[in-house]
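Observations on the model geometry
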Amino acid sequence: MNAVLPGQTARVLSGMRPTGRLHLGHYHGVLKNWLKLQNEYECFFFVADWHALTTHYDESQVLQEHVWDMVTDWLAAGVDPNNATLFLQSRVPAHAELHVLLSMITPLSWLERVPSYKDQQAQMKERDLSTYGFLGYPLLQGADILIYRAGLVPVGEDQVAHVELTREVARRFNHLYGREPGYEALAEEAIGKLGKKNSKLYRELREAHLERGDKEALARAQALLERQKNMTLGDRERLFGYLEGGGRIILPQPEALLTPSPKMPGLDGRKMSKSYNNTISLREDPLEIEKKLKTMPTDPARVRRSDPGNPEKCPVWEFHKVYTDDKTRQWVDQGCRSAGIGCLECKRPVIEAVLAELKPIQERAAELGRDPLTVRNIIEDGCKRARDVAEETLAEVRTAMGLGYSS
Ligand code: TRP
Ligand code: SF4
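Counting from 1, residues in each chain are numbered in the order their sequence is written. Chains and ligands are labelled sequentially in the order written, the chains with letters from A and the ligands with numbers from 1. Side-chain atom pairs in this predicted model are given and counted only at pLDDT of 80 or more, local residue features only at pLDDT of at least 70, and totals for whole chains, interfaces and linings cover all residues. Calculation of side-chain values draws on the structure's entire complement of heavy atoms; hydrogens and water are dropped beforehand.

Quick look at the site of ligand 2
The near set for a molecule or strand comprises every residue that places at least one heavy atom within 4 Å of it. Taken together, Thr-298, Asp-299, Arg-302, Cys-314, Val-316, Val-332, Cys-336, Cys-343 and Cys-346 are the residues near ligand 2. Secondary-structure elements contributing two or more residues to the shell around ligand 2 are α16 (326-337) and α17 (343-370). In terms of residue class, the shell around ligand 2 is built from six nonpolar, one polar and two charged. Helix numbers and strand numbers start at the N terminus; a helix is a DSSP run of H or I with at least 4 residues, a strand a run of E with at least 2. As a working rule, the residues Ala, Val, Leu, Ile, Met, Phe, Trp, Tyr, Cys and Pro are called nonpolar, Asp, Glu, Lys and Arg charged, and the rest polar, with Gly in that last group.

Digging into the pattern of salt bridges
A pair is scored as a salt bridge if a Lys or Arg side-chain nitrogen falls within 4 Å of a carboxyl oxygen belonging to Asp or Glu. Evaluated as defined, the whole model comprises 32 salt bridges. Residue Glu-97 pairs with Arg-398 through a salt bridge whose shortest N-O separation is 2.8 Å. Placement of the pair is Glu-97 in helix α4 (residues 94-103) and Arg-398 in helix α18 (residues 372-400), with a sequence separation of 301 residues. Owing to a relative accessible area of 24%, Arg-398 belongs among the partly exposed residues under this scheme. Across the pair Asp-307 and Arg-304 runs a salt bridge, and its minimum N-O distance is 4.0 Å. To sort residues, take the accessible area from a 1.4 Å probe on protein chains only and compare it with the maximum for the residue type: under 20% means buried, over 50% means exposed, and anything in between is partly exposed. Given a relative accessible area of 15%, Asp-307 falls into the buried group. Taking the relative accessible area as the measure of exposure, Arg-304 reaches 56% and is therefore exposed. Within this structure, Arg-149, Glu-180, Lys-193, Asp-235, Glu-237, Arg-238, Arg-248 and Glu-396 form a network of salt bridges that share partners.

Digging into the state of the cysteines
Cysteine pairs can be covalently joined through their sulfur atoms, and such a bond is termed a disulfide. By definition, disulfides here are pairs of cysteine sulfur atoms that lie within 2.5 Å. Under the definition given, this model contains zero disulfides. Cys-383 supplies the cysteine sulfur nearest to Cys-43, a cysteine that is in no disulfide, at a spacing of 17 Å. By relative accessible area, which is 1% here, Cys-43 ends up buried.

Some thoughts on the environment of Ile-191
Topologically, Ile-191 is positioned in helix α10 (residues 183-192). For Ile-191 and Phe-240, which are 49 residues apart along the polypeptide, the C-alpha to C-alpha distance reads 11 Å.

Looking at the side chain of Ser-90
The topology assignment puts Ser-90 in the loop between β3 (84-88) and α4. Contact definition: two residues touch when any of their heavy atoms are within 4.5 Å. Other than its neighbours up to four places away in sequence, Ser-90 contacts Asp-49 and Trp-50.

As for the site of ligand 1
Neighbouring ligand 1 are 14 residues; Arg-17, Tyr-137, Gln-141, Asp-144 and Gln-159 lie closest to it. Nitrogen and oxygen atoms within 3.5 Å of one another constitute a polar contact, given that in protein one can donate a hydrogen and the other can accept it, and given that sequence-neighbouring residues count only through two side-chain atoms. One of the side-chain N or O atoms of Gln-141 is found 3.1 Å from a nitrogen atom in ligand 1. In these tables, accessible area is a Shrake-Rupley quantity obtained with a 1.4 Å probe, and a residue counts as shielded only by the protein chains included in the view. Relative to its free-state accessible area of 360 Å², ligand 1 is covered by the protein chains to the extent of 92%. Within the residue set of the shell around ligand 1, elements represented by two or more residues are β1 (11-16), α8 (137-146) and β4 (152-155). Looking at the shell around ligand 1 element by element, the count peaks at four residues for α8. Taken together, the residues that form the shell around ligand 1 break down as seven nonpolar, five polar and two charged.

Section: the nonpolar core
Ranked by size, the top nonpolar core spans 98 residues in total, and within it Leu-31, Trp-74, Tyr-148 and Phe-319 carry the most contacts. A total of ten residues in this core trace back to one element, the largest contributor, which is α18. Domain boundaries shown here were taken from an automatic or database domain assignment. Lining this core are residues from two domains, each supplying at least three of them: domain 1 (11-178 + 253-262 + 372-400) and domain 3 (283-369). Tyr-148 has contacts with Arg-11, Leu-13, Phe-44, Phe-87, Val-92, His-95, Ala-386, Val-389 and Ala-390, leaving out every residue within four places of it along the chain. Within this scheme, the nonpolar core is defined by two criteria: the residues are buried Ala, Val, Leu, Ile, Met, Phe, Trp, Tyr or Cys, and they are joined through side-chain atoms within 4.5 Å. Membership of the second largest hydrophobic core comes to 17 residues, among which are Tyr-183, Leu-225, Phe-240 and Leu-243.

Honestly, that's just the spatial picture; any functional story needs more than this.
This is the structure in structure tokens:
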């Protein structure tokens, strides 16, 4: 677990493109991580429906179904609307306004050199990815993050470069617009408001950092600011920025929180993915699940029941690693190598475990399916909450950029 860097809020933000019903790969990769995070941080999770359009603008008719299916699966898996704010990107227009404002200060070359830009164009030859929207994909993602001033962004490996771009854009923004007239005097005034003891401590720690590069002093000073409850946002930004010798920090730099790469492979041993047709979806019919697991390939060396095998060469073994205990795995390892057990026998505990895991999820999904209004209301509430937070940041951004002349 990454520590929250001082000066950042312990706010987590993550988005998922609406791909429809989720499968075990999503569950073990992303969702279980969200379930943990929602108990530890203030979390914002959203459906990145605009991002879906950057690559699939010609298939927008399926969006609606994909969005509600995905949100239903989040909820069924245990994402808790009382613990996390769940919303739709396209219902929080502030993301778009921030995107357009950030686009003014983002050099084209920064976007062109994001690895996913050229990689995806090379990999998805059948798609038109030569649009303005697709080039801007990572910057839109940056706006998603910065509009909530999120400190932590759980993402997979492939998205780390996008968080890195977001950090660069935030730095550039703060550098350009955090320099207000009379900044030093305002910062000094803000120090005065900390109270006698804290003012003195702040000054000492700032000096230790600026003059002697004392990182620990910086962290302590940031922690001191975190503890101040009665500071205005403007003063807060000034004092965080003043510690580092610069201007105000209006958009704090987020950290990527790398989601451990999923241990959950597909039925054929490759990554579980819809495009490989090797998935078990969370709402898959139990009989179908059983059939899929029973027919999934095993170590090709085991042609006959009497042929010994090697679990390391078998995708079923990967399922055992996720689903069964040490004792069962010993039984598998021994039984496979000695041809003591058959493959169907070996699969039995996996089948039982997958079905047991999905049972409560499927029950909740069925309940939500009978009551679509509940899902809509949860999202509507989440959108409202998200809009409030986003509007606050946007008002600051507008003012900082010289657009504060009218509400
Ligand atoms: N691009 C992300 C993905 O494909 C989805 C996403 C959009 C996102 N905006 C985000 C993730 C902001 C984290 C933060 O998975
Ligand atoms: Fe795979 Fe189990 Fe068959 Fe061995 S016994 S090949 S681990 S399914």
